[in-house]
Amino acid sequence: MSTQKSIFLFFVLLGLQTGLSQEEDILSKLETIATIDQKVMMPMRDGVRLATDIYRPKTDEKVPIIFSRTPYNFNSWGDGERRTRTAERAYEAVSRGYAYVVQNERGRYFSEGEWDILGVPLTDGYDAFTWMKEQSWSNGKIGTYGCSSTAEWQMAVAALDHPAHAAMVPQGFGAGVGSVGDIVEQGNWYRGGAEQLLFFSWLYGVEHDKFKPRIPAGATQEDLIRISRFYDLAPENPPIDMAEALSHLPIQDILKNIHGKKEIFDKMVVRKPNDPQWYEGGLYHDTMEIGIPSFWFASWYDVSITPNLTLFNHVHNNSKDARIRDNQYLVIAPTLHCAYTRATENTIVGELSVGDARLNYQEQIYSWWDLWLKEESNDFKEKTPRVQFYTMGSNQWQSSEQWPPKNAKMKTFYLDSNGDANTLVGSGKLTRKRPSKDMPDTFTYDPMNPVSSLGGNVCCTGNAVKGGAFDQRIREGRTDILVYTTEALEEGVEVSGFIESTLYLSSDVKDTDLTIKLIDVHPNGEAYNLDETIQRIRYREGYDKEVFMEEGKVYKVDLTPMATSNFFKKGHKIRIEVSSSNFPRFARNLNTGGNNYDESESVVARNTIHHSKEYPSHIKLPIRK
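Residues numbered from 1 in each chain as written. Predicted model: local features only at pLDDT ≥ 70, side-chain atom pairs only at ≥ 80, totals over all residues. Heavy atoms only, no water.

Engineer: Before we go on, may I ask you to explain the overall build of the chain in this structure?
Structural biologist: A count of helical and extended segments in the chain gives 14 helices and 28 strands. Rg of the C-alpha trace for the chain: 25 Å, near the compact-globule value of 25 Å for 625 residues, within the 12% margin. Considered along the principal axes of its C-alpha atoms, the chain spans approximately 85 × 55 × 50 Å. Accessible surface computed for the chain: about 24,300 Å², of which carbon and sulfur atoms make up 47%. Computed over 70 positive and 84 negative side-chain charges, the separation of the two mean positions in the chain equals 3 Å. (Helix = DSSP H or I, 4+ residues; strand = E, 2+ residues; numbered from the N terminus. Rg over C-alpha atoms; globule rule 2.2 N^0.38 Å. Areas by Shrake-Rupley, 256 points an atom, 1.4 Å probe, with all protein chains shown as cover. Lys, Arg positive; Asp, Glu negative; His and termini not counted. Charge placed at Lys NZ, Arg CZ, Asp CG, Glu CD.)

Engineer: Just checking my understanding: could you explain the pairing of strand 22 (residues 493-507) for this structure?
Structural biologist: Regular strands place side chains that alternate from one sheet face to the opposite one. In terms of burial, strand 22 is a largely internal element, 14 of the 15 residues being buried. One ladder, built from 12 bridges, connects strand 22 with strand 25 (residues 555-568); its direction is antiparallel. The residue of strand 25 that forms the bridge with Val495 is Asn566. Two strands pair when backbone bridges link them, and strand 22 and strand 28 (residues 618-624) are joined in this way by 5 bridges, in the antiparallel orientation. (Buried < 20%, exposed > 50% of the residue type's maximum accessible area, 1.4 Å probe, protein only. Pairing = 2+ DSSP bridges.)

Engineer: I tried to follow the sheet that holds strand 8 (residues 183-184) on my own but got confused; where do I start?
Structural biologist: By way of backbone hydrogen bonds, the strands of a sheet pair with one another, either parallel or antiparallel. Spatially, 3 strands are ordered 8-7-11 in an open sheet, and the strand pairing comes out mixed. Looking along the sheet, the strands with just one partner apiece sit at the ends: strand 8 and strand 11 (284-285). Pairing of strand 7 (residues 177-180) with strand 8 involves 2 bridges; the strand directions are antiparallel. What sits directly across from Val180, in strand 8, is Ile183. Seen against the sheet, helix 11 (residues 305-318) touches strand 7, strand 8 and strand 11 and runs at an angle of roughly 60° to strand 7. (Contact = heavy atoms within 4.5 Å. Axes fitted to C-alpha atoms, helices over the stretch in contact; angles between N-to-C directions.)

Engineer: So what exactly am I meant to see when it comes to the pattern of salt bridges here?
Structural biologist: A side chain of one charge can pair with a side chain of the opposite charge if their charged atoms are brought near each other. As enumerated under the stated definition, the model contains 30 salt bridges in all. Note that Lys141 is salt-bridged to Glu375, the shortest N-O span being 3.3 Å. Placement of Lys141 in strand 5 (residues 138-147) and of Glu375 in the loop between helix 13 (361-372) and helix 14 (380-383) is noted, with a sequence separation of 234 residues between them. Its relative accessible area of 55% is what places Glu375 among the exposed residues. Among the ionic pairs, Glu550 bridges to Lys553, the shortest N-O distance being 3.4 Å. Through salt bridges with shared partners, a single network forms among Lys272, Asp511, Arg538 and Glu546. (Salt bridge = Lys/Arg side-chain N within 4 Å of Asp/Glu carboxyl O.)

Engineer: What exactly am I supposed to notice about unusual backbone geometry here?
Structural biologist: Note: most residues except glycine have negative phi, and most peptide bonds are trans. Here the bond from Leu249 into Pro250 is cis, since omega is -5°, no more than 30 degrees from zero. The residue Asn188 is not glycine, and still its phi comes out positive at about 70°. By secondary structure assignment, the location of Asn188 is in the loop between strand 8 and strand 9 (190-191). If you check the backbone angles, Asn395 has positive phi at about 55° while not being a glycine. Relative to the elements of secondary structure, Asn395 occurs in the loop between strand 16 (387-391) and strand 17 (396-400).

Engineer: What is the right way to look at the nonpolar core in this model?
Structural biologist: The nonpolar side chains of a soluble globular protein tend to be buried, and buried together. One finds Met132, Trp296, Leu309 and Ile609 to be the most contacted residues of the largest nonpolar core, which totals 93 residues. What Leu309 contacts, discounting residues up to four positions off in sequence, is Ala298, Trp300, Leu330, Ile332, Trp403, Phe498 and Ala563. Counting 38 residues, the second largest nonpolar core, distinct from the first, contains Leu118, Phe200, Ile258 and Ala464. (Core = buried A, V, L, I, M, F, W, Y, C linked by side-chain atoms within 4.5 Å.)

Engineer: Before we go on, may I ask you to explain the packing of aromatic side chains in this structure?
Structural biologist: Describing an aromatic ring pair means giving the distance of the ring centres and the angle of the ring planes. Inspection of the entire model under this criterion finds 29 aromatic pairs. Centre to centre, the rings of Trp189 and Trp278 are 6.3 Å apart; their planes meet at 45°, and the pair counts as tilted. With Trp189 in the loop between strand 8 and strand 9 and Trp278 in the loop between helix 10 (263-269) and strand 11, this pair connects stretches of sequence that are 89 residues apart. On the accessibility criterion, Trp189 (0% relative accessible area) is buried. One aromatic cluster is present, formed by Tyr72, Trp115, Trp189, Tyr190, Phe199, Phe200, Trp202, Phe265 and Trp278 through successive ring pairs. Positioned over the ring face of Tyr145 is Arg89, at 6.0 Å from the centre of the ring. (Phe/Tyr/Trp six-rings, centres within 6.5 Å; stacked < 30°, edge-to-face > 60°. Lys NZ or Arg CZ within 6 Å of the ring centre and 35° of its normal.)

Engineer: Can you help me understand helix 6 (residues 198-206) in this one?
Structural biologist: What sets the pattern is the α-helix's 3.6 residues per turn: residues three or four places apart point alike. Counting buried positions along helix 6 yields 8 of 9 residues, so the element is predominantly enclosed. Residues of helix 6 that are buried: Leu198, Phe199, Phe200, Ser201, Trp202, Leu203, Tyr204 and Val206. Where helix 6 is buried, its residues meet helix 8 (242-245), helix 9 (254-257) and helix 10.

Engineer: Is there a simple way to explain the side chain of Asp511 in this structure?
Structural biologist: Within the fold, Asp511 resides in the loop between strand 22 and strand 23 (513-521). Here Asn589 takes part through its side chain, which lies 3.0 Å from a polar atom of the side chain of Asp511. Excluding anything up to four places from it in sequence, Asp511 contacts Arg536, Ile537, Arg538, Phe548, Met549, Asn589, Asn591 and Gly593. (Polar contact = N/O pair within 3.5 Å; in protein donor to acceptor, adjacent residues only side chain to side chain.)

Engineer: Please clarify how the sheet that holds strand 1 (residues 34-43) should be interpreted in this entry.
Structural biologist: An order of 1-2-4-3-5-6-12-13-16-17 is seen for the 10 strands of this open sheet, with the pairing classed as mixed. Every other strand in the sheet has two partners, leaving strand 1 and strand 17 as the edge strands with one partner each. Geometrically, the sheet is characterised by an average inter-axis angle of 20° between neighbouring strands, direction not taken into account.

Engineer: I keep staring at the pairing of strand 1 and nothing clicks. Help me out?
Structural biologist: Burial runs high along strand 1: 7 of the 10 residues are buried. Where strand 1 meets strand 2 (residues 49-57), 8 bridges bridge the pair, whose relative direction is antiparallel. Bridge assignment links Ile36 to a residue of strand 2, and that residue is Tyr55. With antiparallel pairing between neighbouring strands as the criterion, strand 1 and strand 2 make up a hairpin whose turn holds 5 residues, including Gly47 at a positive phi of roughly 95°.

Engineer: Would you take a moment to explain the environment of Glu61 for this structure?
Structural biologist: As for its position among the elements, Glu61 is in the loop between strand 2 and strand 3 (63-70). Overall, Glu61 belongs to the exposed group, its relative accessible area being 59%. In this structure the C-alpha to C-alpha distance between Glu61 and Trp137, which are 76 residues apart in sequence, comes to 6.9 Å.

Engineer: How should I be thinking about the environment of Met410 in this particular structure?
Structural biologist: Looking at the secondary structure, you find Met410 in strand 18 (residues 408-416). Accessibility expressed as a relative area gives 39% for Met410, which makes it partly exposed. Between the alpha carbons of Met410 and Ser507 there is a distance of 30 Å; along the sequence they are 97 residues apart. Other than its neighbours up to four places away in sequence, Met410 contacts Phe498, Glu500, Lys620, Leu621 and Pro622.

Engineer: Even after reading the chapter, I still don't get the state of the cysteines, so can you show me in this structure?
Structural biologist: Covalent bonding between the sulfur atoms of two cysteines is what defines a disulfide. In the structure shown here, the tally under the stated rule is 2 disulfides. With its sulfur 1.9 Å from that of its partner, Cys147 forms a disulfide with Cys338. Residues Cys147 and Cys338 are joined through a disulfide that is left-handed, its torsion about the S-S bond being -100°. Within this pair, whereas Cys147 is found in strand 5, its partner Cys338 is found in the loop between strand 13 (328-333) and strand 14 (348-349), the two being separated by 191 residues in sequence. A relative accessible area of 12% means that Cys147 is categorised as buried. Paired through a disulfide, Cys459 and Cys460 show a sulfur-sulfur distance of 1.9 Å. Look at Cys459 and you get buried, because its relative accessible area is 9%. When the cysteines engaged in disulfides are numbered in sequence order, the chain pairs them as 1-2, 3-4. (Disulfide = S-S within 2.5 Å.)

Written out as structure tokens, the structure is:
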């Protein structure tokens with residue numbers, strides 16, 4: 001009897017005595033339909049071997065492959081949601097006639113080598129495709145699949161143009177996007193030149209120590225299967241109050257301060273947005289040509305909705321191959337990061353119900369795989385809109401041939417006030433009429449008392465920030481928040497597309513940040529956030545240079561676009577908040593003009609937003625008729 005069958009028999013017998021857990025049950029079901037080959041050590045060109053589990057139908061026919069490559073633990077023994085999910089996905093794939101292959105990036109768990117974010121070198125992905133293509137049971141067609149860290153590596157590897165890489169389904173893929181057009185986030189490390197602190201928290205939870213236990217080189221597959229039943233090599237870090245941890249200064253010492261593993265972090269925290277090292281790793285940049293059909297999945301309350309949509313547009317509009325341009329599809333759900341299938345008939349995001357946001361995700365994805373991996377003549381392209389997007393407020397799925405929808409027209413709303421837009425009870429308003437007089441609004445930004453994040457488009461920050469829509473009024477009593485609101489709408493308005501923001505700023509410091517937040521205000525006063533962004537002022541003229549301010553001068557600042565699809569109902573109001581901090585979603589600017597990452601002392605800034613005929617601070621909303 002094979003080693004794999006012996007192991008499964010052990011669990012079946014155990015289940016007869018103790019009752020099968022959900023995980024053991026799905027593994028038993030999987031064994032009945034699949035040939036299972038675990039801890040296959042797939043060789044890379046430099047001799048490093050990557051731990052790989054293979055589940056394939058019990059058939060003599062050649063089958064296509066769905067490939068998931070991940071830094072996360074998929075060891076099938078023991079407890080764990082990810083492990084159960086792996087077995088469930090394998091069962092789904094095998095039952096539909098596909099092999100499901102899941103592999104750890106180099107340096108993760110049982111894979112050999114040293115880990116770096118996105119599993120560089122890129123050649124690992126290419127070599128894995130070659131190995132799988134050459135297997136006797138493979139039909140030579142491989143599709144890549146996964147969300148977040150199992151998605152983010154796919155784009156750069158797709159640009160290597162391996163002949164077996166037939167299609168991909170990247171979901172929640174923002175941390176794999178380096179630079180696309182004017183978007184320079186470098187894998188979600190930055191937004192508008194300000195650090196997003198999500199990776200500070202994420203790396204604490206996932207990075208393996210350089211002194212971690214290691215399997216001896218050359219261990220056999222049988223040894224690895226046996227060992228994996230007792231040791232899964234998963235780090236179990238001490239619990240941390242991440243909200244407190246992220247408050248530490250200087251930010252380059254945040255992980256050191258909580259005794260975290262910091263080798264990769266130390267390299268990344270000192271990189272500026274245009275550092276050449278961002279272009280040497282596993283990030284995708286728009287100089288790279290994606291040459292495969294792609295079915296993209298994004299969500300409104302994910303950390304990088306604008307970069308995600310910008311990348312879809314880039315490939316759909318600019319690919320050199322018309323066939324590739326025509327085979328790009330997109331779904332945008334009203335959920336948090338990677339929470340597509342958690343949508344219910346009453347989907348709650350944060351504290352707001354966005355209605356019945358369910359969608360037949362699996363049916364569509366496997367129809368996509370059937371088209372490209374089995375080369376079946378099916379009706380995917382006839383039945384599936386180019387873009388499926390969920391509109392909050394009206395709480396319905398809609399479709400379009402492009403993003404933004406073709407009939408979305410940009411309309412300008414100007415900031416105006418009597419010079420006292422501070423707080424919810426100030427005179428700030430959004431109006432279609434350009435102000436004639438400059439009655440600027442001034443607020444004091446103290447980095448040691450920043451505006452604290454409340455909900456938003458976030459991921460991976462532990463207890464520091466809870467994502468989604470929350471009533472913002474609890475923050476709008478602060479005098480360092482400027483509030484601008486329309487009159488109550490006389491009829492409903494759908495906003496679907498990118499939201500552009502231009503603010504005119506003067507300050508008494510060399511450098512500061514500007515933040516903006518788009519909000520739907522309900523008739524009872526509840527004010528729910530839709531999207532938010534930030535701009536570090538030194539990078540207002542581009543990320544390849546730093547240009548500081550001079551006191552007394554007014555500067556035009558274009559912020560990174562926001563994105564949403566929301567129906568503002570009759571009687572609702574459209575609101576924006578303007579400030580200089582949204583912490584700990586984004587790192588605080590200490591206002592000194594220094595490196596910021598190695599500083600502990602700050603300067604208090606007096607920041608002024610101008611709005612007049614000469615300085616028309618405004619937002620542009622894509623209004624859909």
